[in-house]
Amino acid sequence: MQQLAESSGEGLPGGLVAEVLAEHCERHPGASAPRAFFAPGRVNLMGAHLDYNGGAVLPAAIDRGTIVVVSPRKDGLLRLTSSLEGGEHEFDLARLPAERTGTWADYPLGIARAMLSYVGAAPEGASFHFGGNLPIGAGLSSSASICVGTSHSLASIWGLELAPIDHVHIALSAEREFVGVQCGIMDPYAVGLARENHLLWLECRDVRYEHVPLDSERLSILVADTGVRRDLAASEFNQRVNECREAFEILRPEQPEAACLAEISMDTLGVCAEALGPVLGRRAAHVIAEVGRTATAREGLRRGRPEVLGEQMMEAHASLRGLYEVSCPELDRLVEAAGRCSEVFGGRLTGAGFGGACVFLVERGGEEAVSARLIESFRASFDRDPKVAVFKAGGGPFEIAL
Ligand code: GLA
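Residues numbered from 1 in each chain as written. Predicted model: local features only at pLDDT ≥ 70, side-chain atom pairs only at ≥ 80, totals over all residues. Heavy atoms only, no water.

Okay, the environment of Arg64 next. Secondary-structure assignment places Arg64 in strand S2 (residues 56–73). The spacing of Arg64 and Ser32 is 32 residues in sequence and 27 Å in space, taken between C-alpha atoms. Setting aside residues up to four positions removed in sequence, Arg64 forms contacts with Phe38, Pro40, Gly41, Asn133, Leu134, Ala389, Val390 and Phe391. (Helix = DSSP H or I, 4+ residues; strand = E, 2+ residues; numbered from the N terminus. Contact = heavy atoms within 4.5 Å.)

Encoded structure:
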């Protein structure tokens, strides 16, 4: 078996695993020797939109994620079903399509294509069924969770000995090269290399990382999902990536030693304000200030002062709203309401934004009171409830003992 991150899988509801397994058997009649894997989702606490700008990020995996059940097939086909999304997809592994299908199947398909570049030809076919307890499209990285989970499962049934970092690379290439999102490196790293009760400090330019302890006795991670889903999210995300690229091209001549936008100084930004114009100026201002906030937050954690991290999260949200323009009224309402709760250290939108969820750092014991106040305030404005849940900083992928 390939190396899997250490985890007991204790937090995973047994009933849910049994359900996904039963659905696998029902939707893939005749499936034999099924195996099941778990890959977590993630929240990013700091370093918003810094990964593709070469800055450092501070995400954590959560104890919710994707359950992937897989069984081998003799006919060389890749067959995909899901409890969370509709449709059944079938492909011949010897002739995988080069074009994406535009459906959720593109993620596992992208993984199969990326993994085939490691092995040449598929040793055998595979039936996959996906389930789990991670909301899709909420900014909790359901895509990296599916990709990393698929990569672990496929490698297992194909008998490949891959290290956790190989799965991270496979997931990244599937999303970038096949699905076509110009995502940064944060999500598959956060999912694939997670350690329980830790955040991941990841320096994205030279890809160095370190696990930073999170005091789980004292702190809870609370996530409030607005339920807002924007189809345009991927294209707006790509637009931000391109805007940052353009801004860097304009700024670089003024500071030639900078290798990426995250390394540009506030002074350079000031000198080039006119050349950048208002939109690129706002995007660059967010990125450059977020670099400082993220470093301050990490230092606060190191000194056992979560209130420092909390403060930086609140400032990050204000910047994501005003300068990066990736928030929405629903997310803003939750952050405002949390700002009035004494048990909340801080919070911000998580993931790319444009809807999705907010993440809050809450004093242990205060979760229920905070949830009630967030729901009340959200309901007063939008006449419906957000979905609020408490998460632990969880470990990385593992095989579930069946
Ligand atoms: C999305 C991307 C990540 C990162 C965040 C913003 O989640 O997948 O790579 O850029 O947005 O921080």
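Once the structure has been displayed, the description carries forward.
Right, let's talk about the sheet that holds strand S9 (residues 344–349) for a bit. If you walk across this open sheet you meet the four strands as S9-S10-S8-S11, and the pairing is antiparallel. In this open sheet, the two strands that pair with only one neighbour each are S9 and strand S11 (387–391). Ignoring strand direction, the axes of neighbouring strands in this sheet form an average angle of 20°. In this sheet, strand S10 (residues 357–363) lies alongside S9 in antiparallel orientation, the contact comprising five bridges. Following the sheet pairing, Arg348 is matched in S10 by Val359. Sitting on the sheet, helix H10 (residues 329–339) touches strand S8 (219–225), S9 and S10, and the angle it makes with S10 is about 10°. On top of the sheet, helix H11 (residues 367–382) reaches S8, S9, S10 and S11; it is set at about 20° to S8, its chief contact. (Pairing = 2+ DSSP bridges. Axes fitted to C-alpha atoms, helices over the stretch in contact; angles between N-to-C directions.)

To continue, consider helix H8 (residues 273–302). Look at H8: only 35 Å from first C-alpha to last across 30 residues, short of the 44 Å you get at 1.5 Å a residue. At Val279, H8 shows its largest bend, some 90°. Looking at the residues trailing H8, positive phi occurs at Gly304, about 70°. (Expected span 1.5 Å × (residues − 1). Bend = angle between axes of the 7 residues up to and from the residue.)

This paragraph deals with the side chain of Thr268. Its location among the elements puts Thr268 in helix H7 (residues 266–271). Excluding its chain neighbours within four sequence positions, the residues that come into contact with Thr268 are Leu251, Glu254 and Gln255.

Bringing the packing of aromatic side chains into the picture now. For the structure shown, the criterion picks out six aromatic pairs. Ring geometry for Tyr52 against Phe237: centres 5.4 Å apart, planes inclined by 80°, an arrangement best described as edge-to-face. Within this pair, whereas Tyr52 is found in the loop between strand S1 (35–46) and S2, its partner Phe237 is found in helix H6 (residues 233–251), the two being separated by 185 residues in sequence. By relative accessible area, Tyr52 is classed as buried at 18%. For Phe237, a relative accessible area of 11% corresponds to the buried category. Grouping aromatic residues by their ring pairs yields a cluster made of Trp104, Phe128 and Phe130. The ring of Trp201 is capped by Arg298, whose NZ or CZ atom sits 4.4 Å from the centre of that ring. (Phe/Tyr/Trp six-rings, centres within 6.5 Å; stacked < 30°, edge-to-face > 60°. Buried < 20%, exposed > 50% of the residue type's maximum accessible area, 1.4 Å probe, protein only. Lys NZ or Arg CZ within 6 Å of the ring centre and 35° of its normal.)

Further remarks concern the pattern of salt bridges. In a structure, side chains of opposite charge can pair up when their charged atoms sit close to one another. Taken as a whole, this structure holds 24 salt bridges when the rule is applied. As a salt-bridge pair, Arg298 and Glu210 come within 2.7 Å of each other at their nearest N and O atoms. You can see Arg298 sitting in helix H8 and its partner Glu210 sitting in strand S7 (residues 208–213), a full 88 residues away along the chain. Arg298 sits in the buried class, given a relative accessible area of 11%. When salt bridges that share partners are traced, they join Arg240, Glu243, Arg282, Arg283 and Glu325 into one network. (Salt bridge = Lys/Arg side-chain N within 4 Å of Asp/Glu carboxyl O.)

So, about the nonpolar core. Leu251, Leu261, Ala284, Phe360 and Leu374 are the most contacted members of the largest nonpolar core, which has 54 residues in total. Split by domain, this core shows at least three residues from each of two domains, domain 1 (6–42 + 61–195 + 394–400) and domain 2 (219–391). Residues contacting Phe360, with those up to four places away along its chain left out, are Ser220, Ile221, Leu222, Ala224, Leu334, Val335, Ala338, Val344, Gly346, Gly347 and Leu374. By size, the runner-up hydrophobic cluster in this structure holds 35 residues, among which are Ile111, Ala126, Ile146 and Ile170. (Core = buried A, V, L, I, M, F, W, Y, C linked by side-chain atoms within 4.5 Å. Domains from an automatic or database assignment.)

Right, let's talk about the environment of Gly346 for a bit. Within the secondary structure layout, Gly346 lies in strand S9. When its relative accessible area of 0% is taken as the criterion, Gly346 is described as buried. Here Gly346 is in contact with Gly310, Met313, Met314, Val359, Phe360 and Leu361, once residues within four sequence places are set aside.

Backbone geometry places His49, a non-glycine residue, at a positive phi of 60°. Residues other than glycine seldom take positive phi values, yet Ser141 does so here, at roughly 65°. With respect to the helices and strands, the residue Ser141 is situated in the loop between strand S5 (125–132) and helix H3 (142–157). Accessibility expressed as a relative area gives 6% for Ser141, which makes it buried.

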